[in-house]
Amino acid sequence: MYNQYPYNIFNQTYLSPNYLQQIQLQNHMEQQRKIADMVKAISDYCAAARDIEPAYQQEAISACLVEIERQMMMDHR
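Visitor: Run through the overall build of the protein, naming residues and quoting values.
Guide: For the protein, the count of helices and strands is two helices and zero strands. Counting every position in the protein, which comprises 77 residues, the buried fraction comes to 0%. Just so you have it, the protein exposes about 7500 Å², and 60% of that area is on carbon and sulfur atoms.

Spelled out as structure tokens, the structure:
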């Protein structure tokens, strides 16, 4: 009976608790990877900032602020 219309329009694997748990775990792992990527990016930024000579620090800060503003504008569109 459940293999006939309208019941067969649902993918039965989505209804499985194990499948839902697996999807949630995959999402959790993906989010953890993205967090690690963010931490790495900040670490890379700090390492690069240490290598900037004092004469170029203001130029570097200005360029970074322009990029932050550009990113904020992308989020507000």
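Further notes follow.
Visitor: Please set out a nonpolar patch on the surface residue by residue, giving values where relevant.
Guide: The grouping of Ile61, Leu65, Ile68 and Met72 at the surface amounts to a nonpolar patch, some 380 Å² of accessible area in total. Relative to the assigned elements, Met72 resides in helix H2 (residues 57-75). Residue class for Met72 comes out partly exposed when judged on its relative accessible area of 45%.

Visitor: Which residues make up the pattern of salt bridges, and what values go with them?
Guide: All chains considered together, the criterion is met by four salt bridges. Residues Arg33 and Glu30 are paired through a salt bridge, measuring 2.7 Å at the closest nitrogen-oxygen approach. Of the two residues, Arg33 and Glu30 are both situated in helix H1 (residues 17-51); the distance of three residues between them amounts to about one turn of the helix. Looking at Glu30, the relative accessible area reads 31%, which means it is partly exposed.

Visitor: How would you sum up the environment of Ala48? Please name residues and give values.
Guide: For Ala48, the location among the structural elements is in helix H1. Taking C-alpha positions, Ala48 is 10.0 Å from Ala60, a pair spaced 12 residues apart along the chain.

Quick notes on the rules
- Residue numbers here run from 1 along each chain, matching the order of that chain's written sequence.
- Residue-level local features of this predicted model are given only where pLDDT is at least 70; pairs of side-chain atoms are given and counted only at 80 or more, and the full residue set underlies all totals for whole chains, interfaces and linings.
- For the side-chain quantities, the full set of heavy atoms in the structure was used; hydrogens and water were omitted.
- Under the scheme used here, helices are H or I runs from DSSP no shorter than 4 residues and strands are E runs no shorter than 2 residues, and both carry numbers assigned from the N terminus.
- Burial here depends on accessible area, computed with a 1.4 Å probe over protein chains only, as a share of the maximum for the residue type. Under 20% is buried, over 50% is exposed, and the range in between is partly exposed.
- Exposure was quantified through the Shrake-Rupley algorithm and a 1.4 Å probe, taking into account, for residues, occlusion by the shown protein chains and nothing else.
- The residues that make up patches have over 30% relative accessible area and no salt bridge, and they are joined within 9 Å when like-charged or within 5 Å when they are Val, Leu, Ile, Met, Phe, Trp or Tyr.
- Salt bridges, as used here, are contacts in which a Lys or Arg side-chain nitrogen is within 4 Å of a carboxyl oxygen on Asp or Glu.

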